[in-house]
Amino acid sequence: MTKIAVLGASGQIAKLAENLFLEDKNNELILFLRHPNKLDKKDIDDQRERIVVGDASKLDELAPAIKGADIVYANLAGSNIEDQAKTVVKAMDEDGIKRLIWISSLGVYDEVPGKFGEWNKNILGSYLTTYRAAADQITASDLDYTIIRPAWLTNKDEVDYEITEGATTPFKGTEVSRLSVASYVNEIVKDQSKDSRGNVGLNKPNTDGDKPAWY
Ligand SMILES: NC(=O)c1ccc[n+]([C@@H]2O[C@H](COP(=O)([O-])OP(=O)(O)OC[C@H]3O[C@@H](n4cnc5c(N)ncnc54)[C@H](OP(=O)(O)O)[C@@H]3O)[C@@H](O)[C@H]2O)c1
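In this text, all values refer to a predicted model and were calculated from it rather than measured experimentally.

Thresholds, definitions, all that
Residues numbered from 1 in each chain as written. Predicted model: local features only at pLDDT ≥ 70, side-chain atom pairs only at ≥ 80, totals over all residues. Heavy atoms only, no water. Salt bridge = Lys/Arg side-chain N within 4 Å of Asp/Glu carboxyl O. Helix = DSSP H or I, 4+ residues; strand = E, 2+ residues; numbered from the N terminus. Buried < 20%, exposed > 50% of the residue type's maximum accessible area, 1.4 Å probe, protein only. UniProt positions renumbered as here; feature names shortened; annotations may be inferred. Axes fitted to C-alpha atoms, helices over the stretch in contact; angles between N-to-C directions. Parallel < 35°, antiparallel > 145°, perpendicular 65-115°, else oblique. Contact = heavy atoms within 4.5 Å. Nonpolar A, V, L, I, M, F, W, Y, C, P; charged D, E, K, R; others polar. Pairing = 2+ DSSP bridges. Right-handed = clockwise from strand over helix to strand, strands pointing away. Near = heavy atom within 4 Å. Polar contact = N/O pair within 3.5 Å; in protein donor to acceptor, adjacent residues only side chain to side chain. Areas by Shrake-Rupley, 256 points an atom, 1.4 Å probe, with all protein chains shown as cover.

K.L.:
Residue-level account of the pattern of salt bridges, with values.
P.N.:
With the rule as written, the count across this model stands at 12 salt bridges. With a shortest N-O distance of 4.0 Å, Arg 48 and Asp 45 are connected by a salt bridge. We note a salt bridge from Lys 67 to Asp 95, for which the minimum N-O separation is 3.0 Å. Separated by 28 residues along the polypeptide, Lys 67 in the loop between helix H2 (59-66) and strand S4 (71-74) and Asp 95 in helix H3 (residues 81-95) bring together distant segments of the chain. Judged by its relative accessible area of 53%, Lys 67 is exposed. Beyond isolated ion pairs, a larger network of salt bridges with shared partners links Asp 110, Glu 118 and Lys 121.

Spelled out as structure tokens, the structure:
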């Protein structure tokens, strides 16, 4: 059995990932979230899924929730993401959990080249500084983390991605589907040594441009 704690379990990528996790009968899920009504799930498999309501920036809510998990997948957001990152690291340390998947964003290392990089910086502004500060909390920890930096997200029903390894490697492409990100997360759950201590950009191949196609 692999017990996966999903933080921000009603997030858009998280919900897609949960469906993939459940395809493997050996996976059990802790669905940690602030608003269970947003999960919009028809059936919860009580044997394999447990909903825990809580806030990822609050240690007293997070630490007991993830107890016993083998892997934590954090699909969080918000202007206090750095506090959430600190709390996730603390809670994992307290519980002796080592493996973390952390969703971040393209651009946090100023790694997006050219005109698209400039556009991205202008549009995202302080979001990038905040998300960078959160990523720094994760990389400063001794956890076995994988930081994922997706390109601009789409809801296309496709799994089509490539990765760029390392924070300083120039980012490729402009977009990637949420389903691709979920699928990559599931690959890590299946093989937890994959991209451990890795910092990975995720994009759809051949989508280079000055902006995402829909802008
Ligand atoms: N949009 C893009 O093009 C793009 C590109 C790259 C990266 N990203 C980032 O990728 C991440 C995942 O994307 P997504 O589409 O899955 O995002 P999403 O649907 O907004 O999911 C984020 C989740 O985080 C939860 N959350 C926020 N603060 C929390 C807290 N303190 N405690 C517990 N849960 C909390 C939210 O729950 P509530 O419902 O309670 O708020 C929400 O369910 C986001 O951080 C996003 O900014 C986005």
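K.L.:
I'd like a rundown of the UniProt feature "domain: NAD(P)-binding" (unreviewed entry) in the protein chain, residues and numbers included.
P.N.:
Taken from the UniProt record, the annotation "domain: NAD(P)-binding" (unreviewed entry) applies to residues 8-191. The span residues 8-191 shows a helical share of 39% and a strand share of 21%, and its end C-alpha atoms are spaced 22 Å apart.

K.L.:
Please give an account of the packing of H3 against helix H5 (residues 126-139) that cites residues and values.
P.N.:
Contact pair H3 / H5: the axes reach a minimum separation of 8 Å and the direction vectors enclose 10°. Put simply, H3 runs roughly parallel to H5. On the side of H3, the interface is formed by Ile 81, Glu 82, Ala 85, Lys 86 and Val 89, while H5 contributes Thr 130, Tyr 131, Ala 133, Ala 134, Gln 137 and Ile 138. Of the residues belonging to the contact of H3 with H5, the class tally is 7 nonpolar, 2 polar and 2 charged.

K.L.:
Summarise the pairing of strand S5 (residues 99-103); cite the residues concerned and give the values.
P.N.:
Each regular strand carries side chains that alternate between the two faces of the sheet. Within S5, 5 of the 5 residues are buried, which leaves the element mostly enclosed by the surrounding structure. In S5, alternate side chains face the same way, and those of Arg 99, Ile 101 and Ile 103 on one face and Leu 100 and Trp 102 on the other are all buried. Pairing between S4 and S5: 4 bridges, direction parallel. When the bridges of S5 are listed, Tyr 73 appears paired with Ile 101. Crossover S4 to S5 through H3 is right-handed. As paired elements, S5 and strand S6 (residues 144-150) share 5 bridges and run parallel to each other. Counterpart to Arg 99 in the pairing with S6 is Asp 144.

K.L.:
Can you lay out the site of the ligand for me, pointing to particular residues and giving the numbers?
P.N.:
Around the ligand lies a shell of 25 residues, among which Arg 34, His 35, Lys 38, Leu 76 and Tyr 131 are the nearest. In the model, an oxygen atom of the ligand is placed 2.9 Å from a nitrogen or oxygen of the Gln 12 main chain. One of the side-chain nitrogen or oxygen atoms of Arg 34 is found 2.8 Å away from an oxygen atom of the ligand. Within the complex, 85% of the 920 Å² of free accessible area of the ligand lies under protein. Broken down by secondary-structure element, the contributors of at least two residues to the shell around the ligand are helix H1 (12-22), H5 and strand S7 (152-154).

K.L.:
Tell me about the packing of helix H4 (residues 114-124) against H5, residues and numbers included.
P.N.:
Two elements in contact, H4 and H5, have axes whose closest approach is 6 Å; the angle formed by their N-to-C orientations is 90°. Taken as axis vectors, H4 and H5 run roughly perpendicular relative to one another. Residues Asn 120, Lys 121 and Leu 124 of H4 form the contact with H5, whose participating residues are Ser 126, Tyr 127 and Leu 128. Class assignment of the residues belonging to the contact of H4 with H5 gives a composition of 3 nonpolar, 2 polar and 1 charged.

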